[in-house]
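Descriptive structure summary
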Amino acid sequence: PRSSFLQAVAAVVRKDLTAEFRSRELLSAMLVFSMLVILIFNFALELEPSVRKKVTAGVLWTTFAFAGTLGLNRSMAVEKDRGCLDGLLLAPVDRSAINFGKVISNLAFMLIVEAIVLPMYAVLYNELRIFQPGFLGVILLGSVGYIAVGTLLASMSIQARTRDVLLPILLFPVAIPVLLASVKASSGFLTG
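Just so you know, these numbers come straight off a predicted model, no measurement behind them.

Observations regarding the overall build of the chain
The helix and strand tally for the chain stands at seven helices and zero strands. In sequence order, the chain lays out its α and β elements as α-α-α-α-α-α-α. Taking 192 residues into account, the globule formula puts the C-alpha radius of gyration at 16 Å, and the chain, at 17 Å, falls close to it. Along the longest, intermediate and shortest principal axes, the C-alpha atoms of the chain span 55 × 35 × 30 Å. For the chain, contacts bridging at least 24 residues in sequence account for 82% of all contacts bridging at least 6. Put simply, the chain shows about 10000 Å² of open surface, and 69% of that area lies on carbon and sulfur atoms.

A few points about the pattern of salt bridges
Enumeration over the complete set of coordinates arrives at three salt bridges. Two residues, Arg74 and Glu25, come together in a salt bridge whose shortest N-O distance is 3.1 Å. A residue pair is termed long-range when its members are at least 10 positions apart, and Arg74 in helix α3 (residues 49–81) and Glu25 in helix α2 (residues 25–44) qualify at 49 residues. On the basis of relative accessibility, which here comes to 30%, the residue Arg74 falls in the partly exposed class. Under the relative-accessibility criterion, Glu25 is labelled partly exposed at 33%. The network of salt bridges with common partners includes Lys15, Asp16 and Lys102.

What to know about the confidence of the model for the chain
Predicted coordinates in regions of low pLDDT should not be interpreted in detail. Here the chain averages 87 in pLDDT, while 97% of its residues score no lower than 70. Of all secondary-structure elements in the chain, the lowest mean pLDDT belongs to helix α4 (residues 84–90), at 78, while helix α6 (residues 133–157) reaches the highest, 93.

A few points about the environment of Leu6
Mapping Leu6 onto the fold places it in helix α1 (residues 2–23). Overall, the relative accessible area of 51% leaves Leu6 in the exposed class. With 22 residues separating them in the primary sequence, Leu6 and Ser28 have C-alpha atoms 29 Å apart.

Quick notes on helix α5 (residues 95–125)
When the terminal C-alpha atoms of α5 are compared, their 43 Å separation across 31 residues agrees well with the 45 Å that a helix rising 1.5 Å per residue should span. Note on α5: the residue one or two positions beyond its end, Asn126, has a positive phi of about 50°.

Observations regarding the packing of aromatic side chains
This model, assessed by the stated rule, comprises three aromatic pairs. Between the aromatic rings of Trp61 and Phe64, the centroid separation amounts to 5.6 Å while the plane-to-plane angle is 90°, which identifies the pairing as edge-to-face. Separated by three residues within a single helix, Trp61 and Phe64 lie in helix α3, roughly one turn from each other. For Phe64, a relative accessible area of 1% translates into the label buried.

So, the packing of α1 against α5
Helix-helix packing is described using two parameters, namely the angle between the two axes and the distance between the axes. The interhelical angle for the contact between α1 and α5, taken along N-to-C directions, is 40°, at an axis separation of 8 Å. The orientation of α1 relative to α5 falls into the category oblique. The interaxial crossing formed by α1 with α5 has right-handed handedness. Across the interface between the two elements, Phe5, Ala8, Val9, Val12, Val13, Asp16, Leu17, Glu20 and Phe21 from α1 touch Ser96, Ala97, Ile98, Phe100, Gly101, Lys102, Ile104, Ser105, Ala108, Phe109 and Ile112 from α5. Taken together, the residues that form the contact of α1 with α5 break down as 14 nonpolar, three polar and three charged.

Re the packing of α6 against helix α7 (residues 163–191)
Following both chains from N to C, one finds α6 and α7 inclined at 170°, their axes separated by 9 Å at the closest point. The angle between α6 and α7 places the two elements in the roughly antiparallel class. Here α6 and α7 pass one another in a crossing that is right-handed. Along the lines of polarity and charge, the residues of the contact of α6 with α7 split into 18 nonpolar, seven polar and one charged.

Rules used in this analysis
Residues numbered from 1 in each chain as written. Predicted model: local features only at pLDDT ≥ 70, side-chain atom pairs only at ≥ 80, totals over all residues. Heavy atoms only, no water. Helix = DSSP H or I, 4+ residues; strand = E, 2+ residues; numbered from the N terminus. Rg over C-alpha atoms; globule rule 2.2 N^0.38 Å. Contact = heavy atoms within 4.5 Å. Areas by Shrake-Rupley, 256 points an atom, 1.4 Å probe, with all protein chains shown as cover. Salt bridge = Lys/Arg side-chain N within 4 Å of Asp/Glu carboxyl O. Buried < 20%, exposed > 50% of the residue type's maximum accessible area, 1.4 Å probe, protein only. pLDDT = per-residue confidence, 0-100. Expected span 1.5 Å × (residues − 1). Phe/Tyr/Trp six-rings, centres within 6.5 Å; stacked < 30°, edge-to-face > 60°. Axes fitted to C-alpha atoms, helices over the stretch in contact; angles between N-to-C directions. Parallel < 35°, antiparallel > 145°, perpendicular 65-115°, else oblique. Left-handed = near helix turned anticlockwise from the far one by under 90°. Nonpolar A, V, L, I, M, F, W, Y, C, P; charged D, E, K, R; others polar.

Here's what the structure looks like:
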């Protein structure tokens, strides 16, 4: 039973990654959105260096949260629109294996976006302390928490007609503890 569960999770992850790397819809949308947010914050918040260091964690997590929500919405919408969701639900596997597979693939997409956004952010904000191992660990743990909750809520809201609006309404109040803890921990690493 354990190996069949892991095989089902691996099959869902493989399916999602293969479909995304063929179409590049999800990653490109998340990356463009993230880069736009970083650029807008860079030019909108022309702050002195001491104030800029205090808002770095908030800007990064705002970018990650909105890009992650966009990615979660697109990830589940693609499943629904292509009819893959029905096929997944008809598969003779445990539903939790499908959920874990979606969580892992969504986390992979989020980490790819973060790996591209962080160097860009470091260049624009002249902030090299974001490459500390502790800070990167906070990014990883915060992303895991956000994606785990987001994938569950995205799968619940996918059947609604207003799924694009419903997911942020459901997700942000539930994810606030994860986001606040991530921002505070990130800020602690960046301010020393």
